[in-house]
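# Structural overview for review
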Amino acid sequence: MNPELAEIISRAQSLYEDVDYKGVGAWKSAAPGRKAIGYMPTYVPRETIWAGGMLPVGVLGGGDRLEIIRGDAYFQSYICHIPRSTVELALSGRLDVLDGMLFPSICDVIRNLSGMWTMLFPGRYVRYVDLPQNYDPRVGGEFWRRELIAIRDDMARLAGRQISDDDLRSSIRIYNQNRRAIRELYLARSESPWLHPIAQVYVVLRAGAVLPPEEHTAMVRRYLELASQESSRPEDRSRVVLAGMFCEQPPLGLLITLERAGCWIVDDDLLLGLRWFTGDVPEEGDPIENLAQAYLTQSVSTASRYEPDGHRGRWLTESVRHHRADGVIFCAPSFCDPALLEQPMLVAALERERIPYTQFKYSEDTGQFAVIREQAGTFSDSIRLWSEV
Ligand code: SF4
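Throughout what follows, the structure given in this document is the object of discussion. (Residues numbered from 1 in each chain as written. Predicted model: local features only at pLDDT ≥ 70, side-chain atom pairs only at ≥ 80, totals over all residues. Heavy atoms only, no water.)

## Overview of the sheet that holds strand β7 (residues 327-333)
What the four strands build is an open sheet, ordered β6-β5-β7-β8; its pairing is parallel. Pairing within the sheet leaves two strands with one partner each, and these edge strands are β6 (263-267) and β8 (357-362). The average undirected angle you get between the axes of adjacent strands in this sheet is 35°. (Pairing = 2+ DSSP bridges. Helix = DSSP H or I, 4+ residues; strand = E, 2+ residues; numbered from the N terminus. Axes fitted to C-alpha atoms, helices over the stretch in contact; angles between N-to-C directions.)

Okay, here's the thing in structure tokens:
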């Protein structure tokens, strides 16, 4: 492997493993007065944070790299794992580096966590980001425009300076570039997954949760340039789309297991908050209005977002077609209401089009992959056999 490529992957991997947020601490220490604002999955308007010169930091749980000592005591047993590890991260002081936290309205768990945060950490800035579920521009659009103004004003207070429209426009431009680079990453992976294995793509993408956006864009672009020059050969594997992982992230070992079981992952819904808009947000004109409109008209399709009847599952069947996938693997966190309640609608959409699928659940700290490897391997073999019949 090209040594520079190995270095990029190693840097991204160490950011992935950095449950102490040392990288964020280093960024803050590099200049006086720097601040960092954390956010839970999936979408928050990071542009408003960066426009104030502060670093948006994705808090994506502790994965399989954190021992839960106190976090379990705050929750009943039958909910997902990410709130436990997030509370553990906070109670152990690892999130002290953050100057505030945003909790988007993705599900009851995260909503309740925002309330717990205000009780556990009085005096720290917390905001529940109430995303619109009505997509009429005069109703949900107007509501979200006002929320965006309130968030911008909060960010200005935290930053200790005004955030002008020019600051916001510049931030939108920077995030457009970042999302464009990520779209290129996904396209390249779909075209030649053997050159862009999931172990690399995932950590390079995930670095965007903690790096300044311009630095992340440069990392993705350089990775793409160097990875395309590698000499790995195509292998005969099934092409699959993964669905259900937009919030609590699976352990990296699980994703690698799927590839080892004979699958190429050609599309997924991992880390959706980093690539929420399907196109560029307009860079001229009223930036708040542009962000509000983009949310209404250019958001990705996912379980936590309202969609009119008949639209559920369309993204998945389109993704299968677009990426020439052989099948779908539903891979969702245990007890994740949004992912698991949406799944029957997605299954119905696949069955209408006779697209094969399989499903299993995980927890971010799942450590045993043997059963998943068998299941994914059998699925991969069978869809290759069907496609030859
Ligand atoms: S994994 Fe699912 S249920 Fe748990 S916090 Fe995330 S969206 Fe909510």
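## A look at the pattern of salt bridges
Taken as a whole, this structure holds 34 salt bridges when the rule is applied. Here E184 ties to R221 by a salt bridge, and the two come within 2.6 Å at their closest N and O atoms. Taken together, the residues E184 in helix α7 (residues 165-191) and R221 in helix α9 (residues 213-227) connect sequence positions 37 residues apart. Taking the relative accessible area as the measure of exposure, E184 reaches 36% and is therefore partly exposed. Here R312 makes a salt bridge to E307, at a shortest N to O gap of 3.8 Å. For R312, a relative accessible area of 16% puts it in the buried group. For E307, a relative accessible area of 12% puts it in the buried group. Overlapping salt bridges bring together R173, R180, R183, D280 and E283 as one network. (Salt bridge = Lys/Arg side-chain N within 4 Å of Asp/Glu carboxyl O. Buried < 20%, exposed > 50% of the residue type's maximum accessible area, 1.4 Å probe, protein only.)

## Let's talk about helix α1 (residues 3-17)
An α-helix turns once every 3.6 residues. As a result, residues three or four positions apart point the same way. Between its first and last C-alpha, α1 extends 21 Å over 15 residues, near the 21 Å set by a 1.5 Å rise per residue. When we look at burial in α1, the residues that qualify are L5, I8, I9, A12, L15 and Y16. Axial view of α1: buried residues confined to an arc of 120°, hence all on one face. Facing away from the buried surface of α1 by more than 90 degrees, the exposed residues are P3 and E7. Next to the buried residues of α1 lie α8 (198-206), α9 and α10 (252-260). (Expected span 1.5 Å × (residues − 1). Arc of directions from axis to C-beta. Contact = heavy atoms within 4.5 Å.)

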